[in-house]
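Tertiary structure, described
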Protein chains: 2
Amino acid sequence: MSKSITIAVDAMGGDNAPDIVLEGIALALEQIPNIHILLFGDEKKLKKSVTSEYPSIEKNVTYKHTVDVVSSIDKPSQALRKGRKSSMALAIQSVKAGEAAVAVSAGNTGALMALSKFILRTMPNIDRPALCAPMPTIRGESVMLDLGANIECDANNLVQFAIMGSAYARTVLGLSNPSVGLLNVGVEDLKGKESIREAAEVLKEATHLPLKFGGFVEGDGVTSGEFDVIVSDGFTGNVALKTAEGTVKFISQLLKNAFSNSILSKIGYIFSKGAISNLKEHLDPNHHNGAVFLGLNGLVVKSHGGANGVGFANALMVASDMAQNDITNLIGNDLNEITDSEELAIVNSLK
Amino acid sequence: MSKSITIAVDAMGGDNAPDIVLEGIALALEQIPNIHILLFGDEKKLKKSVTSEYPSIEKNVTYKHTVDVVSSIDKPSQALRKGRKSSMALAIQSVKAGEAAVAVSAGNTGALMALSKFILRTMPNIDRPALCAPMPTIRGESVMLDLGANIECDANNLVQFAIMGSAYARTVLGLSNPSVGLLNVGVEDLKGKESIREAAEVLKEATHLPLKFGGFVEGDGVTSGEFDVIVSDGFTGNVALKTAEGTVKFISQLLKNAFSNSILSKIGYIFSKGAISNLKEHLDPNHHNGAVFLGLNGLVVKSHGGANGVGFANALMVASDMAQNDITNLIGNDLNEITDSEELAIVNSLK
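Worth saying up front: this structure is predicted, and the values here are computed from it rather than measured.

Right, let's get into the overall build of chain A. In terms of regular secondary structure, chain A is built from 13 helices and 11 strands. Radius of gyration (C-alpha) of chain A: 21 Å, near the 20 Å computed for a compact globule of 351 residues. Projected onto its principal axes, the C-alpha positions of chain A cover 60 × 60 × 45 Å. Sorting the 351 residues of chain A into buried and exposed places 58% on the buried side.

Pasting the structure below:
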């Protein structure tokens, strides 16, 4: 039933490019054989690796030779100035030109965001694009946005993020009517910032949208899984994401210390190894890879810079899901509904 | 060397009051015998419990009979209207009157904050009080503020929080020159909100203060322990704190599932029990109890509502430490230094 999708891949981005990128393509093709890859990077080098190590992917790949590379320490402004002919920029450019349905890169986030915005521009009716990513939770997986594209957000931005996040949950998590919570410091109606309360008023009335607005959610809701989509301004979202990641590291360290503490606990570890590795797998960022910039005239997926082959394959599958379901179009339709609504007119008239 | 401290205790606040409160007093007296307790609550009931279950504390307690109680669901506005004669309010009132050096309550946070502000008022040179609490980290313990007293904060507020948090770290954690980080979305100078960048400029120049300003810290720094004091606006701080707490719960749940998954992992659990309980102890909120409202003309310590006896005893010891070291005075002195400084004048002149 699924149609063939062309994915533009930045082969030179990420800590272990291009090896991990090629391995990820090989792994993804086992799951989704009907994708075609435009491979942006050093053609000679890439061809050599593909021929010797990943001959199976050869027939699904078209090489797009590029010389420039955006480095992991380039600032967004430097990428915009010097990176226009980089593998990253040209992969995004191919989405704009309609040659690929989506671009995937494991390169520098700030540069990818800046180049994506510059090349693809923001969708009509979207004021600001947002960075959206899947998160592991007690119940499975949720998505959260904005994770750092926008430091300050107004009510309109938050409503648009709710629509975009719900489209992600529908296309990538396969939910028909995802639940949405607004990140706040309390669950009562009067809590928090004006912008959040206003966004809640709009979302409460927007019953025609394919999402179930559930009100406010506190920080502990980020990993509890009580909502499928968590919406926040980019400052708070970024801090919450990194706090959760840091806390996972913190407890992993404590666990490691605990298990190496005594002979008894070392024996315990041997018995528990299977159980612990299930836990590690559930928390492994490679299994929740595929952040995306939503709200642009075209799709760009960001893989973790340190992702392994499995992680990069995950990012490719997220990209394919979104392109298959034409997420940009879904968002556009939902936006039209909300833009025509009376509720948003009320909020706008207050400005 | 330590002097006798009088602590006003709200015996009626918290999930298991007054039992846990009395148990906490008994445990604290084993560590710090030279405290005297003003015990606010139902005198008849309290006397009966003390006589039958905690006779050892009798000589350190003076009963202060009160009838009204602030409930866990009372809103701050309700507490201000109806709760002026409650055990909580009268305990705070005794600090204002100079009868006690500090008040401790495990009751409703919003009500405690509102009553504390109303009764004690803000210190000279402090624009807004902040909620500060200890957090477990990889290296031990840090403190973080503001955890929710102020939704939006300007540069001045953040500088004042840095001074107040550093005074907490000096008196309660026993550090002579605590390191301070400002919570942000990146560590580079140009990142984040204007208010945070301005606060960083002031703190960078304030080398005469008894703190070591280390720049910006991202969300993963909340539990890494790289800074002794983490400073943030109350919205972000509250979300970060609750995200960390939620993530601890999330991983505990995964661990529980992992260990009950198979016979093998159950055996593993038996061997690892000691190690796991060390870990639980390190994360147990009872061992990091004693949030405090800093910046008021008097000290108020908030115990977790669900704290056990050990937790409440910890809150009493934090209260005693702060009173012994006269933290309010320390903050006042540091504030005078910064208020006289040229850097703050520059920030103020920009407004």
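The discussion continues.
Residues and elements named next belong to chain A. By the element assignment, Asn108 lies in the loop between strand 4 (102-105) and helix 5 (109-120). Since its relative accessible area comes to 14%, Asn108 is described here as buried. Of the polar contacts made by the side chain of Asn108, one reaches the backbone oxygen of Asp74; its length is 2.6 Å.

Now for the packing of aromatic side chains. Tallied over the entire structure, the rule returns 0 aromatic pairs over all chains. Above the plane of the ring of Phe118(A) lies Arg121(A), whose end atom (NZ or CZ) is 5.2 Å from the centre.

With that out of the way, let us pick up the relation of the copies chain A and chain B. By a simple turn and slide, chain A fits onto chain B: the slide is 0.0 Å along the axis, the RMSD is 0.0 Å, and the turn is 180°. The symmetry that links the two subunits is that of a two-fold axis. Relative to the rotation axis, the C-alpha of Gly268(A) is the closest in chain A, positioned 2.0 Å from it. The fraction of interface residues of chain A whose copies in chain B are also interface residues reaches 98%, indicating that both copies meet through the same surface.

All names here are of chain B. When helix 2 (residues 43-53) is considered as a whole, its buried residues turn out to be Leu46, Ser49 and Val50. End-on view of helix 2: buried residues confined to an arc of 95°, all on one side of the axis. Turned more than 90 degrees off the buried face of helix 2, the exposed positions are Lys44, Lys48 and Ser52. Taken together, the buried residues of helix 2 touch helix 1 (19-31), strand 2 (35-41) and strand 3 (61-65).

So, on to the interface of chain A and chain B. Between chain A and chain B, the contact holds 51 residues from the first and 50 residues from the second. For chain A, the biggest contributors to the area lost against chain B are Phe235(A), Phe250(A) and Phe271(A); these three give 16% of the whole. Where chain A touches chain B, the interface holds 2 salt bridges. The interface formed by chain A and chain B contains 8 residue pairs in polar contact (both at pLDDT 80 or more).

So, on to the sheet that holds strand 5 (residues 130-136) of chain B. All names here are of chain B. Taking strand neighbours across the sheet as the criterion, the 11 strands line up as 3-2-1-4-11-10-5-6-9-7-8 in an open arrangement whose pairing is mixed. Both edges of this open sheet fall to strand 3 and strand 8 (212-217), since each of them pairs with a single strand only. Between one strand axis and the next, the sheet turns through 25° on average, direction left out of account. With 5 bridges connecting them, strand 2 and strand 3 associate as parallel partners.

Residues and elements named next belong to chain B. For the structure shown, the criterion picks out 10 salt bridges over all chains. The partner of Glu43 in a salt bridge is Lys47, and the shortest N-O contact between them spans 3.2 Å. Of the two residues, Glu43 and Lys47 both sit in helix 2, 4 residues apart, roughly one turn of that helix. Since its relative accessible area comes to 37%, Lys47 is described here as partly exposed. For Lys204, the salt bridge goes to Glu201, with nearest N and O atoms at 3.4 Å. Residue Lys204 and its partner Glu201 are located together in helix 7 (residues 194-205), separated by 3 residues, close to a single helical turn. You can call Lys204 partly exposed: its relative accessible area is 38%. According to the relative accessible area criterion, Glu201 is partly exposed, its value standing at 44%.

Side-chain positions along a regular strand alternate between the two faces of the sheet. Residues and elements named next belong to chain A. Burial of the side chains of strand 11 (residues 299-302) extends over both faces: Leu299 and Val301 are buried on one face and Val300 and Lys302 on the other. Note: strand 4 against strand 11, 4 bridges, orientation parallel. Residue pairing across strands places Ala103 opposite Val300, the latter belonging to strand 11. For strand 10 (residues 291-294) and strand 11, the ladder comprises 3 bridges, and the chain directions are antiparallel. Within strand 11, the residue paired with Ala291 across the bridge is Lys302. Between strand 10 and strand 11, which pair antiparallel in sequence order, lie 4 residues; one of them, Gly295, sits at a positive phi of approximately 105°.

Two orientations exist for strands paired in a sheet by backbone hydrogen bonds: parallel and antiparallel. All names here are of chain A. With mixed pairing, 11 strands are arranged side by side in an open sheet as 3-2-1-4-11-10-5-6-9-7-8. The open sheet is flanked by strand 3 (61-65) and strand 8 (212-217), the only strands paired with a single partner. In this sheet, neighbouring strand axes are inclined to one another by 25° on average, regardless of whether the strands run parallel or antiparallel. Contacting strand 2 (35-41) and strand 3, helix 2 (residues 43-53) crosses the sheet at an angle of about 155° to strand 3.

All names here are of chain A. Between helix 6 (residues 155-171) and helix 7 (residues 194-205), the shortest axis-to-axis distance is 8 Å and the interhelical angle comes to 50°. If you check the angle between helix 6 and helix 7, you find them oblique. In this structure, helix 6 crosses over helix 7, and the sense of that crossing is right-handed. Touching Ala155, Leu158, Val159 and Ala162 of helix 6 are Ser195, Ile196, Glu198, Ala199, Val202 and Leu203, all from helix 7. Residue classes in the contact of helix 6 with helix 7 are distributed as 8 nonpolar, 1 polar and 1 charged.

Glancing now at the packing of helix 4 (residues 87-96) of chain B against helix 5 (residues 109-120) of chain B. All names here are of chain B. Helix 5 packs onto helix 4 with a crossing angle of 35° between their chain directions and a minimal axis gap of 10 Å. Taken as a pair, helix 4 and helix 5 cross one another with a handedness that is right-handed. Facing Met88, Ala89, Ile92, Gln93, Val95 and Lys96 of helix 4, the residues of helix 5 in contact are Ala111, Leu112, Leu115, Ser116, Ile119 and Leu120. Taken together, the residues of the contact of helix 4 with helix 5 sort by class into 9 nonpolar, 2 polar and 1 charged.

This part takes up the nonpolar core. Residues and elements named next belong to chain B. Within the largest apolar cluster, 111 residues are counted, with the highest numbers of intra-cluster contacts made by Ile7, Ile25, Leu39, Tyr168 and Leu182. Among the elements that take part in this core, helix 6 (residues 155-171) stands out by supplying 10 residues, more than any other. Structurally, this core is a two-domain feature, drawing no fewer than three residues from each of domain 1 (5-120) and domain 2 (130-285 + 332-349). Setting aside anything within four residues of it in sequence, one finds Ile7 in contact with Ile35, His36, Ile37, Leu38, Ala100, Val102, Val104, Leu316, Ala319 and Ser320.

This part is about the side chain of Asn150(A). By secondary structure assignment, the location of Asn150(A) is in the loop between strand 6 (140-145) and helix 6. Within polar-contact distance, the side chain of Asn150(A) engages the backbone oxygen of Pro129(A) at 2.8 Å.

So, on to the domain arrangement of chain A. By a widely used convention, the size of an interface equals the accessible area lost when the partners come together. What the domain assignment reports for chain A is domain 1 (5-120) and domain 2 (130-285 + 332-349). Each of domain 1 of chain A and domain 2 of chain A has a C-alpha centre, and the two are 28 Å apart.

Cut-offs used in this document
- Residues numbered from 1 in each chain as written.
- Chains lettered and ligands numbered in written order.
- Predicted model: local features only at pLDDT ≥ 70, side-chain atom pairs only at ≥ 80, totals over all residues.
- Heavy atoms only, no water.
- Helix = DSSP H or I, 4+ residues; strand = E, 2+ residues; numbered from the N terminus.
- Rg over C-alpha atoms; globule rule 2.2 N^0.38 Å.
- Buried < 20%, exposed > 50% of the residue type's maximum accessible area, 1.4 Å probe, protein only.
- Polar contact = N/O pair within 3.5 Å; in protein donor to acceptor, adjacent residues only side chain to side chain.
- Phe/Tyr/Trp six-rings, centres within 6.5 Å; stacked < 30°, edge-to-face > 60°.
- Lys NZ or Arg CZ within 6 Å of the ring centre and 35° of its normal.
- Least-squares fit on C-alpha atoms with pLDDT ≥ 70 in both.
- Contact = heavy atoms within 4.5 Å.
- Arc of directions from axis to C-beta.
- Buried area = accessible area lost by both parts, 1.4 Å probe.
- Salt bridge = Lys/Arg side-chain N within 4 Å of Asp/Glu carboxyl O.
- Pairing = 2+ DSSP bridges.
- Axes fitted to C-alpha atoms, helices over the stretch in contact; angles between N-to-C directions.
- Parallel < 35°, antiparallel > 145°, perpendicular 65-115°, else oblique.
- Left-handed = near helix turned anticlockwise from the far one by under 90°.
- Nonpolar A, V, L, I, M, F, W, Y, C, P; charged D, E, K, R; others polar.
- Core = buried A, V, L, I, M, F, W, Y, C linked by side-chain atoms within 4.5 Å.
- Domains from an automatic or database assignment.

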